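Residues per chain are reported as follows:
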Amino acid sequence: ILGGGRLTGRVGGLTVGLLDIQTESVDGLTPAQNFAVGRVVKELPNRTRLGGVVVSRQATADTDDRNVVFAADGRVGLGESLTLDAYLGGSSTPGISDDAVALSGTGEWNSRDWQVTGGYRRIGEGFRAEAGFIPRGAHQFWSLRVMRRFRFESLPWFRELRPHVSAREHLALDGFSETRLIHVDSHFEFANGAFFQLPAINFTREGLREPFEIADGVVVQPGSYDNVDWGFAFNTDLSAPVSVQGRIDVGGFYDGFRYGHNTTLNFRATDVFVASLRYAWFDVDLDGGEFRTSLVGVRAAYSFTPRIYLQSLLQYNDQTDTFSGNVRLGWLSTAGTGLFLVYNDLRNTAPFQERGLPEGPLDRQFVIKFTKLFQFGG
């Protein structure tokens, strides 16, 4: 990154944001490029707003090497409970002209007793967002969720019961089901912040059109895999000096079976120091083989003052044989602005013969970020 600039604020009743960054050429990897984003939003009464965005990537030395994404979005609030959201976008990339459209529509009814949500999204085959990120390429997605809230005035120690059912599915544009989940569950929340769920029942589908190597030497063959699994989650009072939260999952997985858990132990010393230790583990047994995964993480934060803090996250992943660390020092000003110092470290812990990578650092970053808010006019 050679340099860039960002401008955000409000003008003429509009919220605007502009960002532009220039990168240099890296031999054999990427040419010099310019990245730009423009965003404008008009806020209206009753949770209603209209907005537009343009995002571009342009190679500095080649006008045909570019990608531009443009979209309009909106939200409409109807009464106190109903909210509708939608967006429509397109992309322009030389050589790609067919089906370069992305669209989405969702609705939510949220009252004291009921929450009902549903939506649909479609990403076209030719839609490209080369300056952004799309978690899944060309696809269709639909979702539906219904939840009922129960509160019992005669039980002051019990806050809320939330039975619910939800369904969601990702499909290829030709209708092939890639991922499906039907979830049936009830949440029990107590006045002191403790929580547990009845064993959630999940009806799942995973669809593969080509072999998938899920772990070293373990391959899942093409096909559609329907399974049933259950999960149990809980936490004690998270505001207490010591608290525990965790989850257990057991059930079918592709053409086999898996079970595992993740558990987090939290420690809080007033509001000055907080820390947590997390351990996640899964045992998977498939027709193509079996494997185990585990993840260990330590998170800590210390506040010197209400505006100055130090945070860290350390993790070890045995499936990838990597150790990662993140340390951040923040000195806050107003509205989330201030000075931030960030250090990231990722290193390989496996021998070269196992991963094809030398032991030691894979990536290191040290970032200094300073943000200042200016107010112009009255």
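Residues numbered from 1 in each chain as written. Predicted model: local features only at pLDDT ≥ 70, side-chain atom pairs only at ≥ 80, totals over all residues. Heavy atoms only, no water.

1. Some details on the overall build of the protein
Note the cut-off: Strands here mean DSSP runs of E at least two residues long; helices mean DSSP runs of H or I at least four residues long; both are numbered from the N terminus. Throughout, exposure labels follow a simple rule: accessible area from a 1.4 Å probe, protein chains only, divided by the maximum for the residue type, with under 20% read as buried, over 50% as exposed, and the rest as partly exposed. Every residue pair with non-hydrogen atoms within 4.5 Å of one another is taken to be in contact. Here the Shrake-Rupley method, with its probe set to 1.4 Å, supplies the accessible areas, and only the displayed protein chains count as covering residues. In this charge count, Lys and Arg are treated as positive and Asp and Glu as negative; neither His nor the chain ends contribute. The atoms used to mark charge sites are NZ of Lys, CZ of Arg, CG of Asp and CD of Glu.
Regarding its fold elements, the protein presents one helix and 24 strands. Here the protein holds 378 residues, and the buried ones make up 29% of them. Across the protein, the fraction of contacts at a sequence separation of at least 24, relative to all contacts at a separation of at least 6, is 39%. Here the protein has roughly 22,600 Å² of accessible surface; of this, 61% comes from carbon and sulfur atoms. Measuring between centres, the 37 positive side-chain charges of the protein sit 10 Å from its 43 negative side-chain charges.

2. With respect to the layout of surface pockets
Heads up, the rule is: Of the grid points, spaced at 1 Å and generated over the protein atoms alone, those admitting a 1.4 Å probe that cannot get out make up cavities, while open sets with protein on both sides within 12 Å along at least five of seven lines make up pockets; any residue with an atom within 4 Å of a point is treated as lining. Grid points are joined across faces, edges and corners, and a volume is the space filled by probe spheres set on the points. Residue polarity is assigned by list, with Asp, Glu, Lys and Arg as charged and Ala, Val, Leu, Ile, Met, Phe, Trp, Tyr, Cys and Pro as nonpolar; anything else, Gly included, falls into the polar class.
Within this model, the largest pocket holds a volume of roughly 570 Å³. Forming the walls of the largest pocket are 16 residues, and the residues nearest its centre are Arg6, Leu7, Thr8, Lys372 and Leu373. For the lining of the largest pocket, the elements supplying multiple residues, two or more each, are strand S1 (3-11), strand S2 (14-23) and strand S24 (360-371). Broken down by element, the residue count for the lining of the largest pocket peaks at six residues, all from S1. Looking at the lining of the largest pocket, its residues break down into eight nonpolar, four polar and four charged. By volume, the second largest pocket amounts to about 410 Å³. Along its surface, the second largest pocket is lined by 20 residues, and Tyr87, Phe127, Ala129, Phe133 and Ile134 are the ones closest to its centre.

3. As for the pattern of salt bridges
Definition in use: We define a salt bridge as a contact between a side-chain nitrogen of Lys or Arg and a carboxyl oxygen of Asp or Glu at a distance within 4 Å.
Under the criterion given, the structure shown has 20 salt bridges. The salt bridge involving Arg112 is made with Asp113; its shortest N-O contact spans 3.2 Å. We classify Arg112 as exposed; its relative accessible area is 55%. Residue Asp113 is classed as partly exposed on the basis of its relative accessible area of 25%. Linking Arg347 and Asp345 is a salt bridge whose minimum nitrogen-to-oxygen distance equals 3.4 Å.

4. Things to note about a nonpolar patch on the surface
Formally: A residue counts toward a patch only above 30% relative accessible area and without a salt bridge, and it is joined to like-charged neighbours within 9 Å or, for Val, Leu, Ile, Met, Phe, Trp and Tyr, to nonpolar neighbours within 5 Å.
There is a patch of nonpolar side chains on the surface, built from Val272, Tyr302, Phe304, Leu310, Val327, Leu329, Trp331, Leu339, Tyr343, Phe366, Ile368 and Phe370 and spanning about 1,200 Å² of accessible area. For the nonpolar patch, the secondary-structure elements that each account for two or more residues are strand S22 (322-332), strand S23 (338-348) and S24. Here Leu310 shows up in strand S21 (residues 308-317).

5. Notes on the side chain of His170
Position of His170 among the secondary structure elements: in strand S10 (residues 158-171). Of the residues examined, His170 reaches a relative accessible area of 15% and is grouped as buried. Those residues in contact with His170 that sit more than four places away from it in its chain are Arg121, Arg136, His139, Gln140, Phe141, Phe176, Ser177, Glu178 and Thr179.

6. Quick look at the nonpolar core
Taken as a class, soluble globular proteins show a tendency for nonpolar side chains to be buried jointly. Note the threshold: Among buried residues, those of type Ala, Val, Leu, Ile, Met, Phe, Trp, Tyr and Cys that are joined through side-chain atoms within 4.5 Å constitute a nonpolar core.
Judged by nonpolar contacts, Leu208, Ile214, Ala215, Val218, Val220, Tyr225, Phe253, Tyr254, Val284, Leu286 and Phe291 together constitute the single largest core of 11 residues. Within the residue set of this core, elements represented by two or more residues are strand S14 (212-215), strand S15 (218-220) and strand S19 (273-286). Not counting residues up to four positions away in its chain, the partners in contact with Val284 are Phe253, Phe257, Arg258, Gly289, Glu290 and Phe291.

7. A few points about the environment of Glu210
Positionally, Glu210 belongs in the loop between strand S13 (200-208) and S14. Distance from Glu210 to Gly223, taken between C-alpha atoms, is 8.1 Å for residues 13 residues apart in sequence. When sequence neighbours within four positions are dropped, the list of residues in contact with Glu210 reads Val220 and Pro222.

8. Looking at the pairing of strand S7 (residues 101-110)
Quick note on the threshold: For two strands to be treated as a pair, DSSP must find no fewer than two bridges joining them.
Two elements, strand S6 (residues 82-92) and S7, share nine bridges in a ladder whose sense is antiparallel. If you follow Gly89 over to S7, its bridge partner there is Ala102. Looking at chain direction, S7 and strand S8 (residues 114-123) are connected through nine bridges and run antiparallel. Looking across to S8, one finds that Ala102 is bridged to Ile123. Hairpin connection, S7 to S8: the antiparallel pair is bridged by three residues.

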